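Fold and geometry: a report
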2 protein chains.
Amino acid sequence: MSLEPSLLAAVASARRREILRLVWKEELSAGAIHRAMPDVTFGAVSLQLRSLSEAGLLETRGEKQFRFYRARREALGPVAELLERMWDDSLWKLKLAAELEEERRGPRPQRRRARNKTKKT
Amino acid sequence: MSLEPSLLAAVASARRREILRLVWKEELSAGAIHRAMPDVTFGAVSLQLRSLSEAGLLETRGEKQFRFYRARREALGPVAELLERMWDDSLWKLKLAAELEEERRGPRPQRRRARNKTKKT
DNA sequence: ATTGTATTTTAGTTTAATCTAAAATTGCGT
DNA sequence: ACGCAATTTTAGATTAAACTAAAATACAAT
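Predicted, not measured: the structure shown is a model, and the values here were computed from it. (Residues numbered from 1 in each chain as written. Chains lettered and ligands numbered in written order. Predicted model: local features only at pLDDT ≥ 70, side-chain atom pairs only at ≥ 80, totals over all residues.)

This part takes up the sheet that holds strand β3 (residues 66-71) of chain B. All names here are of chain B. Here we have 3 strands laid out as an open sheet, ordered β1-β3-β2, and antiparallel in their pairing. Every interior strand has two partners, whereas the edge strands, β1 (28-29) and β2 (58-63), have only one. Inspection of the sheet shows β1 paired to β3 by 2 bridges, in the antiparallel sense. In the sheet register, Ser29 faces β3, and the bridge partner there is Phe68. (Pairing = 2+ DSSP bridges. Helix = DSSP H or I, 4+ residues; strand = E, 2+ residues; numbered from the N terminus.)

Right, dumping it as structure tokens:
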């Protein structure tokens, strides 16, 4: 089908843009990406990684039990330059921070638990 | 040129892109826009017109009892070219299609295995 | 085979977006 | 003033997106 809408949808999300920024110039493991976004669970990050991958915006490399992700800048076409401009613009950083804060506004207090600990009996 | 997240959000919606395309080169009244989108109500169109206006992407002119809208292409910055390419340039689609095809040669996602245990009653 | 770690996926919940239908507004003409 | 046409707005319903917690999977080492 058509790729363009999925591309714009992928980039319209602040969370996905943050992931793209993290893996823009270096590959990172899923765990490392999650460690940089401590306000969401590992599962949520993994779902966004899947969205981005299905939009063709990430390349993946598996090594040992890790999976490394990196942005496919060429797949973003002119949007790549747009994102770089957004990230370089300091005014933009402020607005993005405000937007993320806004997105965090509604959800319940973040009781961040140790993730996915298998329960010992 | 300030590129705000709201701009990307505005453009991520197929419905709003449709409106933008309608008023890209000529101004149209709200009613005329709605007539070109018979699958939604007038109210829904009006709400999207407001979203686009609040994102700074439309200019408005009132004449008689009509309100005419036109895209503010300069407010879209590089996104304007992106949209024009999406609408007009078949090369854009071909290029992205080629990239999709190339990606098919990479590691394919593994087939999901049905592993839900059947629930006994 | 079992354990341990990293990651993905599922199922259900919550949040935000978008729609419809109807009421309210605005402006024009009589 | 009144009625009419165009448009906006409100309130509620529906839909889609994003999140959480837990379970499932994958892979390496033992």
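A sheet is described by the order of its strands in space; here 3 strands give the open sequence β1-β3-β2 (chain A), paired in antiparallel fashion. Two strands in the sheet have a free side with no partner beyond their single neighbour: β1 (28-29) and β2 (58-63) of chain A.

Overall, the predicted model of chain A reaches an average pLDDT of 81, with 71% of residues at or above 70. Counted against residues more than four places away or in other chains, residues 106-121 of chain A, with its pLDDT under 50, gives 5 contacts. (pLDDT = per-residue confidence, 0-100. Contact = placed C-beta atoms within 7 Å.)

The next subject is the environment of Leu20 of chain A. Looking at the secondary structure, you find Leu20 of chain A in helix α2 (residues 14-22). Among residues more than four places away in sequence, those in contact with Leu20 of chain A are Leu57, Ala71 and Leu83 of chain A.

Moving on: the nonpolar core. Counting 38 residues, the largest nonpolar core has Leu57 of chain A together with Leu52 and Leu57 of chain B as its most contacted members. With residues up to four places along the chain from it excluded, the contact list for Leu52 of chain B reads Ala10, Arg16, Ile19, Leu20, Leu57 and Leu58 of chain B. (Core = buried A, V, L, I, M, F, W, Y, C linked by C-beta atoms within 7 Å. Buried ≥ 20, exposed ≤ 12 C-beta atoms within 10 Å, placed from the backbone.)

This paragraph deals with unusual backbone geometry. Comment: phi is negative for the bulk of residues other than glycine, and the bulk of peptide bonds are trans. Residue and element names in this part refer to chain A. One non-glycine residue, Lys64, lies in the positive phi region at around 55°. Mapped onto the elements of the fold, Lys64 is located in the loop between β2 and β3 (66-71). For Lys64, a count of 6 C-beta atoms within 10 Å puts it in the exposed group.

With that out of the way, let us pick up the pairing of β2 of chain A. Residue and element names in this part refer to chain A. Here 6 bridges tie β2 to β3, and the two strands are oriented antiparallel to one another. Across the sheet, residue Thr60 finds its bridge partner in β3, namely Tyr69. Between β2 and β3, which pair antiparallel in sequence order, lie 2 residues; one of them, Lys64, sits at a positive phi of approximately 55°.

All right, on to helix α4 (residues 42-54) of chain A then. All names here are of chain A. Between its first and last C-alpha, α4 extends 18 Å over 13 residues, near the 18 Å set by a 1.5 Å rise per residue. Listed as buried for α4 are Gln48, Leu49 and Leu52. Each buried residue of α4 lies within a common arc of 105° when the element is viewed along its axis, so the set occupies one face. Seen from the open side of α4, the exposed residues pointing more than 90 degrees away from its buried face are Gly43, Arg50 and Glu54. The positive-phi residue at the C-terminal boundary of α4 is Gly56, with phi of around 80°. (Expected span 1.5 Å × (residues − 1). Arc of directions from axis to C-beta.)

All right, on to the packing of helix α6 (residues 78-88) of chain A against helix α6 (residues 78-88) of chain B then. One way to put it is that α6 of chain A packs onto α6 of chain B with a least axis distance of 10 Å and a crossing angle of 165°. Taken together, the axes of α6 of chain A and α6 of chain B are roughly antiparallel relative to one another. Considering how the two elements wind past one another, α6 of chain A and α6 of chain B form a crossing that is left-handed. Across the interface between the two elements, Pro78, Val79, Glu81 and Leu82 of chain A of α6 of chain A pack against Pro78, Val79, Glu81 and Leu82 of chain B of α6 of chain B. Looking at the contact of α6 of chain A with α6 of chain B residue by residue, the classes come out as 6 nonpolar, no polar and 2 charged. (Axes fitted to C-alpha atoms, helices over the stretch in contact; angles between N-to-C directions. Parallel < 35°, antiparallel > 145°, perpendicular 65-115°, else oblique. Left-handed = near helix turned anticlockwise from the far one by under 90°. Nonpolar A, V, L, I, M, F, W, Y, C, P; charged D, E, K, R; others polar.)

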